[in-house]
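The lines below spell out each chain.
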Amino acid sequence: MALIARGLRRTLDHRVALEGVDVEIVSGMVTGLVGPNGAGKSTLLRVLAGIDAPDSGTVHVDDAPLSSLTPMARARRISHLPQAAQPQWPLSGRDVVSLGRLPHGAGFDRLSAADADAVDRAMVRTGTAAFAMRRLDQLSAGERARLLLARALATEADVLLVDEPTAALDPGYQLEAMTALRVEAERGVAVAVALHDLALAARFCDRLLLLTEGTVLRFGTPADVLATDALKAAYGVTFALVAFDGHGLPIPVSRDQ
Amino acid sequence: MKPVRRWGWTLFALPVAVLAVISVVVGPAGLPWGTAIRDILSGHDSVPALVVLEIRLPRALLGAVVGAALGLAGAAMQGLLRNPLAEPGVLGVSACAAFGAVIAFYTGLVRLFPGALPIAAIAGALLGTAALFAWAGRGATVATLLLVGVAINALAGAATAFGLALSPNPYAFYEVMFWLMGSLADRSLDHVALALPCVLLGAVPLLMMRRSLDGLSLGEETALALGIMPATVARWIGLGTALTVGGAVAVSGVIGFVGLMAPHAVRPFVGYRPGATLIASAGAGAALTLAADIVVRVLPTGRELQLGVMTALLGAPFLGWLAIRRRTNGSGGTPWL
């Protein structure tokens, strides 16, 4: 099980957002997408998820071109959690997570036993079971973010693409969210996650893709990618690497002039 | 509040049935009900029987059909646009339908065949929804949407006024003016026969989009991720709205604000689910319209108040209340207010 992209090119408003991007999101691994703001991480995730079409290049899920799948079939195989989900109605927590079963043909009133089990599992894994009957507008930003992650898990797709899941979370829940993604990978899911926090990327990802200005600067193990020279080239920032538990965690030191 | 299940629909159907009965009973002329019912059952065309069958009954039926159409269309638009202020009347779709109907009056199309009236109204409503979605876009903010609605309302109103100004006959002018204000008075079963098929036909695509509207609850990005194509949903809802609103406006004129108030009234009872809001809002719209139409008949105003005036008297303060809630909430980010 893998999501394989070759030669992706995407322009948005005449600006090149992706150029010549090759990447594989492989079953059993967490692949981190890192890079500065505007590097193309979110665009890449949207193209990989099949909700945005590349100008050229291909995305295959196993041997099937993504474009050959119907939207619903694509949504069953690839679960995508966008960064800017905007809850519009104060649905109950359980209803929000149940939306993840929609690609399987489940409506709010028509959850099969299998659908209900998947929803329960997703809520347990994200520690959101307590919010099942709470209204979305009565939850904190962090609680909402965890429910939205549960929504993406509830689909139980082969591929999970997550855009900045830790942005609204405090350190404890950041660790919890990243652990949830690791658990998914260990279940055999192919996971990709866009991250700003390079320390989390170093610790929780098996592979990293460093993007800058829409192109791949490096793709490999965290140790290969998170080298000070590559980070300096990508971010224009000097990093120090702090050794911890066998990982080199990048700490930003100074902005280069 | 927990979503209503199983017998929950009676919560919305019961008031409609009760109000429909009251609507048949209430009227300016006191009726000998014993005679009326006996004559209706025996098929005897007495005056009391005719008053019930040809005046009271069509009015009650139209109230339910038109109100349900407006409540359903309002809920569908609010769900699609994820916007609590979306409504056919507020956003000019009804005004466009009225413009279509006025065109049908003045070109004499109506005299060629009776179906021309709803067809012209539906064409106008289609034009209105198309302009709305094209100009505002689906992800529009409340402000953008209302601005576009103001523009469409103004355009349709001006075009209608222009059509009226060309009217050769002052009586026809007054007649259409009053019709435009929205009323269910002096309608017959023929009007029911004109409106009902359009409304039923329009309800089909709207109700088919129930789950898609649920999927849109977290925004268009999430909807896309769930395999829902927002552009397709918008086309079906645009078509369904045009059919329901066009059919309703063709027989009743513009009855505003029903589609605004009905979804808000029912949302807490259906757990704020946009899909489940549709049918509940249709019931609430029917109940609201029937109730308002009863009130205009019992109010001692001399000449009967126009129904559209009555719903505006209720709806405009409601809109203001929504605006205040929004303002004191201090955020445009909580659209359910």
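Predicted model only: the values in this text are computed from it and were never measured.

Enquirer: Report on the interface of chain B and chain A, specifying residues and quantitative values.
Expert: Across the contact, 22 residues belong to chain B and 24 residues belong to chain A. Of all the secondary-structure elements, those providing two or more residues to the side of chain B that touches chain A are α10 (210–215), α11 (220–225) and α14 (274–298) of chain B. Looking at the side of chain B that touches chain A, the element that brings in the most residues is α11(B), giving four residues. Across the side of chain B that touches chain A, the residue classes tally to nine nonpolar, eight polar and five charged.

Enquirer: Quick rundown of the confidence of the model for chain B? Include the residues and the values.
Expert: Residue-level pLDDT values for chain B average 87, and 93% of them are 70 or greater. Confidence, read as mean pLDDT per element, is least for helix α8 (residues 170–180) of chain B in chain B (77) and greatest for helix α9 (residues 189–208) of chain B (95).

Enquirer: If you had to explain the sheet that holds strand β4 (residues 56–61) of chain A to someone new, which residues and values would you point to?
Expert: Residues and elements named next belong to chain A. Pairing in this open sheet of four strands is antiparallel, and the strands run β2-β1-β4-β5 from one edge to the other. Each end of this open sheet is capped by a strand with a single partner; those strands are β2 (15–26) and β5 (64–65). Note: strand β1 (residues 2–12) against β2, eight bridges, orientation antiparallel. Bridge pairing in β2 links Leu8 to Val21.

Enquirer: Account for the packing of helix α2 (residues 33–42) of chain B against helix α3 (residues 47–81) of chain B, with residues named and values stated.
Expert: Residues and elements named next belong to chain B. It is the contact of α2 with α3, at a shortest axis distance of 8 Å, that shows an interaxial angle of 80 degrees. The angle between α2 and α3 falls in the class roughly perpendicular. Between α2 and α3, the residues in contact are Thr35, Ala36, Asp39 and Ile40 and Pro48, Ala49, Val52 and Leu53, respectively.

Enquirer: Can you tell me about the sheet that holds strand β3 (residues 30–34) of chain A, naming the residues and giving the values?
Expert: Residues and elements named next belong to chain A. In space, the six strands of this open sheet follow the order β6-β7-β8-β3-β9-β10, with mixed pairing throughout. Every other strand in the sheet has two partners, leaving β6 (78–81) and β10 (215–220) as the edge strands with one partner each. Neighbouring strand axes in the sheet, compared pairwise and without regard to direction, differ in orientation by 15 degrees on average. Here β6 runs beside strand β7 (residues 159–163); their pairing, made up of four bridges, is parallel. When the bridges of β7 are listed, Ile78 appears paired with Val159. Each of β6 and β7 is contacted by helix α5 (residues 141–154), which is oriented at about 170 degrees to β6, the strand it contacts most.

Enquirer: Pulling in residues and values, what's your account of the pairing of β10(A)?
Expert: Residue and element names in this part refer to chain A. Here strand β9 (residues 207–212) pairs with β10 via five bridges, running antiparallel. Each bridged residue has a counterpart across the sheet, and for Leu211 the counterpart in β10 is Val216. Two successive antiparallel strands, β9 and β10, enclose a turn made up of two residues, where Glu213 displays a positive phi of approximately 50 degrees.

Enquirer: Go over unusual backbone geometry, please, and point to the residues and values.
Expert: Residues and elements named next belong to chain A. Not every positive phi belongs to a glycine, and Asp13 is a case in point at roughly 50 degrees. By the secondary structure assignment, Asp13 is in the loop between β1 and β2. The exposure class assigned to Asp13 is exposed, which follows from the 5 C-beta atoms found within 10 Å. Even without being glycine, His14 reaches a positive phi, approximately 65 degrees. Within the secondary structure, His14 is located in the loop between β1 and β2. Residue classification places His14 among the exposed positions, given that 5 C-beta atoms sit within 10 Å.

Enquirer: Can you lay out the nonpolar core for me, pointing to particular residues and giving the numbers?
Expert: Counting 182 residues, the largest nonpolar core has A:Leu48, B:Ala101 and B:Ala195 as its most contacted members. Broken down by element, the residue count for this core peaks at 16 residues, all from α3(B). If near-sequence neighbours (up to four positions away) are discounted, B:Ala101 is found in contact with B:Leu117, B:Ala120, B:Ala121, B:Gly124, B:Val249 and B:Ala250.

Enquirer: Describe the environment of A:Ile251, naming the residues involved and giving the relevant values.
Expert: Among the secondary structure elements, A:Ile251 is positioned in strand β12 (residues 247–255). Spatially, the C-alpha atom of A:Ile251 lies 7.6 Å from that of A:Ala199, the residues being 52 residues apart in sequence.

Enquirer: With reference to specific residues and values, describe helix α12 (residues 230–252) of chain B.
Expert: Working note: α-helix, 3.6 residues per turn, so residues spaced by three or four point in the same direction. All names here are of chain B. End to end, α12 covers 32 Å across 23 residues, agreeing with the expected 33 Å (1.5 Å per residue, within 8%). Burial within α12 is extensive, with 18 of its 23 residues counted as buried. Remark: Gly253 follows α12 within two positions and exhibits a positive phi of approximately 75 degrees.

Enquirer: Mind laying out the pairing of strand β11 (residues 237–244) of chain A, listing which residues take part and the relevant values?
Expert: Residue and element names in this part refer to chain A. The sheet contact formed by β11 and β12 spans eight bridges and is antiparallel. Within the sheet, the bridge partner assigned to Leu241 lies in β12 and is Pro250. Remark: two residues form the turn of the hairpin made by β11 and β12, two consecutive strands paired antiparallel; Asp245 in that turn has positive phi of roughly 50 degrees.

Definitions and limits used
- Residues numbered from 1 in each chain as written.
- Chains lettered and ligands numbered in written order.
- Predicted model: local features only at pLDDT ≥ 70, side-chain atom pairs only at ≥ 80, totals over all residues.
- Contact = placed C-beta atoms within 7 Å.
- Helix = DSSP H or I, 4+ residues; strand = E, 2+ residues; numbered from the N terminus.
- Nonpolar A, V, L, I, M, F, W, Y, C, P; charged D, E, K, R; others polar.
- pLDDT = per-residue confidence, 0-100.
- Pairing = 2+ DSSP bridges.
- Axes fitted to C-alpha atoms, helices over the stretch in contact; angles between N-to-C directions.
- Parallel < 35°, antiparallel > 145°, perpendicular 65-115°, else oblique.
- Buried ≥ 20, exposed ≤ 12 C-beta atoms within 10 Å, placed from the backbone.
- Core = buried A, V, L, I, M, F, W, Y, C linked by C-beta atoms within 7 Å.
- Expected span 1.5 Å × (residues − 1).

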